[in-house]
Amino acid sequence: MIAALVLVLCLGAAVGFVGRLVVPGRHGLLRVLFRDTRLAPRLVAADDEVWWEIGAGALGAVGGYLAGRLYDGYALLGPSTMRWYLAVVGAAVMVGIAIASGVIERKRWTRRLGLRGGLDRGR
């Protein structure tokens, strides 16, 4: 059970990191890596959004895995691969929500409304 949990957390973290790589616009890590590769270690370690994406992926993967375990328990067919499919889907959904919220937060009309800056005012 511990090995499965570690594997699920690693799966969620990988989906979250890949999600952070492909964020659209200039905030995606892939675009930053093409601009200046020396920034990569600092961005991965210090960027709050990287950890937000990794955490969202891990949370979604754990939730999907638990839903798959519940499915296996109620289906009475024994263990199936549904728990792993749901772990990947849960991680992808949570990372997608995190990416969409980040994109909406950086839009021009959001800045114009003054909705951005709730947590970023100290910087």
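Residues numbered from 1 in each chain as written. Predicted model: local features only at pLDDT ≥ 70, side-chain atom pairs only at ≥ 80, totals over all residues. Heavy atoms only, no water.

**Here's the deal with the packing of aromatic side chains**
Piece 1. Going through the model one piece at a time under the given rule, you end up with one aromatic pair.
Piece 2. For the pair Tyr65 and Trp84, a centre-to-centre distance of 5.1 Å together with 55° between the ring planes defines the contact as tilted. Of the two residues, Tyr65 is situated in helix α4 (residues 48-75) and Trp84 in helix α5 (residues 82-105); the sequence distance between them amounts to 19 residues.
Piece 3. Judged by its relative accessible area of 6%, Tyr65 is buried.
Piece 4. Looking at Trp84, the relative accessible area reads 29%, which means it is partly exposed. (Phe/Tyr/Trp six-rings, centres within 6.5 Å; stacked < 30°, edge-to-face > 60°. Helix = DSSP H or I, 4+ residues; strand = E, 2+ residues; numbered from the N terminus. Buried < 20%, exposed > 50% of the residue type's maximum accessible area, 1.4 Å probe, protein only.)

**Some words on a nonpolar patch on the surface**
Piece 1. Together, Tyr71, Met82 and Tyr85 give the surface a local cluster of nonpolar side chains, amounting to about 320 Å² of exposed area.
Piece 2. Note that Met82 resides in helix α5.
Piece 3. Judged by relative accessible area, which is 30%, Met82 ranks as partly exposed. (Patch = residues over 30% accessible without salt bridge, like charges linked within 9 Å, V, L, I, M, F, W, Y side chains within 5 Å. Areas by Shrake-Rupley, 256 points an atom, 1.4 Å probe, with all protein chains shown as cover. Salt bridge = Lys/Arg side-chain N within 4 Å of Asp/Glu carboxyl O.)

**Comments concerning the pattern of salt bridges**
Piece 1. Inspection of every chain in the model, using the stated rule, returns two salt bridges.
Piece 2. Arg20 serves as the salt-bridge partner of Glu49, at 3.2 Å between the closest nitrogen and oxygen. Taken together, the residues Glu49 in helix α4 and Arg20 in helix α1 (residues 2-21) connect sequence positions 29 residues apart.
Piece 3. Using a relative accessible area of 3% as the deciding quantity, one classes Arg20 as buried.

**Notes on the nonpolar core**
Piece 1. Formed by Ala4, Val8, Ala61, Tyr65, Ala87 and Ala91, the largest nonpolar core amounts to six residues.
Piece 2. Of all the elements in the fold, those that place two or more residues in this core are α1, α4 and α5.
Piece 3. Setting aside residues no more than four positions away along its own chain, Ala87 makes contact with Leu11, Gly60, Ala61, Gly64 and Tyr65. (Core = buried A, V, L, I, M, F, W, Y, C linked by side-chain atoms within 4.5 Å. Contact = heavy atoms within 4.5 Å.)

**Concerning the confidence of the model for the protein**
Piece 1. In this model, the protein carries an average pLDDT of 83, and 88% of its residues clear a pLDDT of 70 or more.
Piece 2. Per-element confidence in the protein is highest for α4, whose mean pLDDT is 91, and lowest for helix α6 (residues 108-113), whose mean pLDDT is 70. (pLDDT = per-residue confidence, 0-100.)

**Things to note about the side chain of Arg83**
Piece 1. Mapped onto the fold, Arg83 is located in helix α5.
Piece 2. Of the polar contacts made by the side chain of Arg83, one reaches the side chain of Asp72; its length is 2.6 Å.
Piece 3. Those residues within four positions of Arg83 in sequence are excluded, and the remaining contacts are Gly64, Tyr65, Gly68, Arg69 and Asp72. (Polar contact = N/O pair within 3.5 Å; in protein donor to acceptor, adjacent residues only side chain to side chain.)

**A word on α4**
Piece 1. Relative to the 40 Å expected for 28 residues at 1.5 Å per residue, α4 spans 40 Å between its end C-alpha atoms, a close match to the ideal helical length.
Piece 2. Buried residues in α4 make contact with α1, α2 (29-35), α3 (40-46) and α5.
Piece 3. Residue Leu76 follows α4 closely and has a positive phi angle near 60°. (Expected span 1.5 Å × (residues − 1).)

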